[in-house]
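Here's the letter readout for the chains.
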Amino acid sequence: MESLLQHLDRFSELLAVSSTTYVSTWDPATVRRALQWARYLRHIHRRFGRHGPIRTALERRLHNQWRQEGGFGRGPVPGLANFQALGHCDVLLSLRLLENRALGDAARYHLVQQLFPGPGVRDADEETLQESLARLARRRSAVHMLRFNGYRENPNLQEDSLMKTQAELLLERLQEVGKAEAERPARFLSSLWERLPQNNFLKVIAVALLQPPLSRRPQEELEPGIHKSPGEGSQVLVHWLLGNSEVFAAFCRALPAGLLTLVTSRHPALSPVYLGLLTDWGQRLHYDLQKGIWVETESQDVPWEELHNRFQSLCQAPPPLKDKVLTALETCKAQDGDFEVPGLSIWTDLLLALRSGAFRKRQVLGLSAGLSSV
Amino acid sequence: MAQDSVDLSCDYQFWMQKLSVWDQASTLETQQDTCLHVAQFQEFLRKMYEALKEMDSNTVIERFPTIGQLLAKACWNPFILAYDESQKILIWCLCCLINKEPQNSGQSKLNSWIQGVLSHILSALRFDKEVALFTQGLGYAPIDYYPGLLKNMVLSLASELRENHLNGFNTQRRMAPERVASLSRVCVPLITLTDVDPLVEALLICHGREPQEILQPEFFEAVNEAILLKKISLPMSAVVCLWLRHLPSLEKAMLHLFEKLISSERNCLRRIECFIKDSSLPQAACHPAIFRVVDEMFRCALLETDGALEIIATIQVFTQCFVEALEKASKQLRFALKTYFPYTSPSLAMVLLQDPQDIPRGHWLQTLKHISELLREAVEDQTHGSCGGPFESWFLFIHFGGWAEMVAEQLLMSAAEPPTALLWLLAFYYGPRDGRQQRAQTMMAYVMATCRHGDLQPCGQRRSPVPTEVARDETLPAHSPAKRRPFFPKVI
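Residues numbered from 1 in each chain as written. Chains lettered and ligands numbered in written order. Predicted model: local features only at pLDDT ≥ 70, side-chain atom pairs only at ≥ 80, totals over all residues. Heavy atoms only, no water.

Caption draft 1: Quick look at the domain arrangement of chain A. Residues and elements named next belong to chain A. Splitting chain A by domain gives domain 1 (1-67 + 80-150), domain 2 (155-212 + 233-254) and domain 3 (256-363). Placing a centre on the C-alpha atoms of domain 1 and another on those of domain 2 gives a separation of 29 Å. Summed over both partners, the interface of domain 1 with domain 2 comes to about 660 Å²; 44% of that surface belongs to carbon and sulfur atoms. On the surface where domain 1 and domain 2 come into contact, there are 0 salt bridges. (Domains from an automatic or database assignment. Buried area = accessible area lost by both parts, 1.4 Å probe. Salt bridge = Lys/Arg side-chain N within 4 Å of Asp/Glu carboxyl O.)

Shown next as structure tokens:
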């Protein structure tokens, strides 16, 4: 067991080195050895992937490595993403070496011969490296063709395939981090927040929070674990959002109203903070007597239309959330003085607008003119 | 060898031109043309590789100075990269160009360039920058997430198609026909990639509200080809949809079956049954439209071969498989018998469709007499031209080999005078074109023969028949069509 773990360590080092200029010192024999190691580890993954103790030991070792690196994604070059990555570690290594310009001519020639020996080389039980690489190339062109010939961004972000994939990866990663205890997931998320394009990150978080609960199926343990249980991951995300007010403010600002309503319905813990934010935004608006509308105090404030949009969307949510929202609005209105006349309290005006909107909607739908809940 | 290299040079020019026109296959025309030629291009690549692997890098450049350009153009066409093994063969060809020990800067540059192209095949085709940054930021390499991404895209497109199918009239969420057509084109090179199966299935099963066919014929052909060569596995419903939507595919499937039957050397019944069940045609034939086409092809084959016994045997095995499939088919999809057999009376069809095994021995004579009656009525009392005439009746009857066997068994078993009805059936089975008189003579001949031979072989010894002389009479074929044991004694 210990030799196996050491092997894993050596290989991770190897993988890290394979993208650096250090490979210029490699000769064909080194290349061959490196590929052999990779093949060995892949074989280990195949044989012991389902074997509890060995798998756990390997995973723990990987987590150790991450801890030492200071959390993955931080180092200049990522190592093995997770245990499943062992299943294709030979592909990882091969691609890194292939792309590395520093590799010497003789070594490169040897590498190419090893990777692509030609037809007639078949392995009875395992897919050869050549087949894996060819399949990767095929899948990449498949994605490319689908992307440019049939894919259209889904207006419901949570159903968009690109978003979904990113969300699945995020949840999977959070689970790994949770297991590794390399850093508290919150810290990991904060580091992501600092490094990644924020707009996209926020969308991915929203989609991740809306993923349907799936139970982990035993046969998928050997595959890239896309179908992990999102339950724990969601909790971590919610917790982190609640703990970082500036992130949450950006979250609520950047995302469309409908998406936020769905997220808040699904995770009730977020609703008080969301409502709080909305009330803060509302209070920043003042009434312009001349124009007869509510306007922002400063340019970066949320305008009336957007505020109204969000409340409208929230009022279309199913009962527990909807009632909370209305109660909050009524309370604010009461605090302001409980006016019925427009122009004095934004809360009055909002409620009026929401009611008339609802009234119009009921008319259009052919329902009775009674104003029941709104 | 010399001829091969001349051919190769010609082909080379042809493909170079084609690739230049296709470029990155971004327009409808280039995509269609690429789809039509991908298979041939792969063959060319294979030939190319066979030639290149014998030479070293410098020789290759001398012989084919523009080879690099050709390979690069191919790599930039995603339809080519996506097809079957083309990406592998391209890589092999590129590897033949690599110089083990570059002597000058030119050769080094070539090596470097090849590396770039290899990278492109394996690692490029990056799209959304944000997605790439995100996944990188999480510590994932493309190999980690591409399978999942492809799966999500395929499932998302498949469910969009299904929704389009169900909500056809809701114009807001309708999928534009061009988009569906475009998807079908994209699937052509990807047909053997199992990740794409859900999309292929959705394309086949879901059709929008357009009156004309949206999917490209290349798509149907590619799917059909993959099904026949067992390179794809689709649910039966999708296969049925394919054959219903694209008649040439169904015909090709039948021809494929015929070819298999013809090319394999001694066909025992078990083998025929294997081939037939393998082809999925009996199950598909539960849909009357498919059954009619299949039946028509059998009819043509029978007429062309002038009633070849092998065809009759095949028809009988097919019908047996078909009836089995029909029983298993869900109750909801039951069609009226008339849709399967429009040229015969429903009562006759119903009687014939029964399983002879289900009939208790005591009732055999009754049932056979009934069949004989119905058939005789159809044959003798109808005027020519109506309901297809005697041929249609005979064609229907020969579908069901079990009855003729039963007649023979009945005749052989009973020592009493053979009933006219049974004789008629047997005579009809072997001589559909006989006039009434001729048939009557045949029947008489049989009666005479049995009387002359006196005691017939008892049932148990039927396996070793009494050797008799072969009849020269062409209405009595020398051996039975369906089983190896002769069940009709040879008559002088």
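Caption draft 2: Just the side chain of D349 of chain A, in detail. Residues and elements named next belong to chain A. Its location among the elements puts D349 in helix 16 (residues 346-364). Here D349 occupies a buried position and makes no salt bridge, while the nearest side chain of opposite charge, K333, is found at 9.3 Å. In this structure the side chain of D349 is engaged in a polar contact, spanning 3.1 Å, whose partner is the backbone nitrogen of G343. Sequence-distant contacts of D349, that is, excluding residues within four places in its chain, are made with Y287, W294, W304, V341, P342 and G343. (Helix = DSSP H or I, 4+ residues; strand = E, 2+ residues; numbered from the N terminus. Buried < 20%, exposed > 50% of the residue type's maximum accessible area, 1.4 Å probe, protein only. Lys, Arg positive; Asp, Glu negative; His and termini not counted. Polar contact = N/O pair within 3.5 Å; in protein donor to acceptor, adjacent residues only side chain to side chain. Contact = heavy atoms within 4.5 Å.)

Caption draft 3: Representation of the interface of chain A and chain B in the model. Each partner contributes residues to the interface: chain A has 65 residues there, and chain B has 66 residues. If you look at where chain A meets chain B, you find 3 salt bridges. Among the salt bridges present, the one from K88 of chain B reaches E131 of chain A, with a minimum N-O distance of 2.7 Å. Elements that contribute at least two residues to the side of chain A that touches chain B include exactly helix 4 (89-99), helix 5 (105-115), helix 6 (129-149), helix 7 (161-180), helix 8 (185-195) and helix 9 (198-209) of chain A. Broken down by element, the residue count for the side of chain A that touches chain B peaks at 18 residues, all from helix 6 of chain A. Of the residues assigned to the side of chain A that touches chain B, the class counts are 34 nonpolar, 15 polar and 16 charged. (Nonpolar A, V, L, I, M, F, W, Y, C, P; charged D, E, K, R; others polar.)

Caption draft 4: Up close: unusual backbone geometry. Residue and element names in this part refer to chain B. Positive phi, normally seen in glycine, also occurs at D23, with a value near 50°. Within the secondary structure, D23 is located in the loop between helix 1 (2-22) and helix 2 (28-52). Take D23: its relative accessible area is 48%, and that puts it in the partly exposed class.

Caption draft 5: Summary view of the confidence of the model for chain A. Residues and elements named next belong to chain A. Summing up the model confidence of chain A, the mean pLDDT is 83 and the portion of residues at 70 or higher is 86%. Helix 9 holds the highest mean pLDDT among the elements of chain A, 94, whereas helix 3 (residues 52-69) holds the lowest, 78. Ignoring residues within four places in sequence, the model shows residues 216-228, a span with pLDDT below 50, making 30 contacts including any to other chains. Within the model, the stretch residues 368-374 combines pLDDT values under 50 with 11 contacts to residues more than four positions away or in other chains. (pLDDT = per-residue confidence, 0-100.)

Caption draft 6: Highlighting the nonpolar core. Ranked by internal contacts, the top residues of the largest apolar core, which has 267 residues, are L170 and F251 of chain A together with F219 of chain B. Not counting the four nearest positions on each side in its chain, F219 of chain B is found in contact with S184, C187, V188, I191, V200, L203 and L204 of chain B. (Core = buried A, V, L, I, M, F, W, Y, C linked by side-chain atoms within 4.5 Å.)

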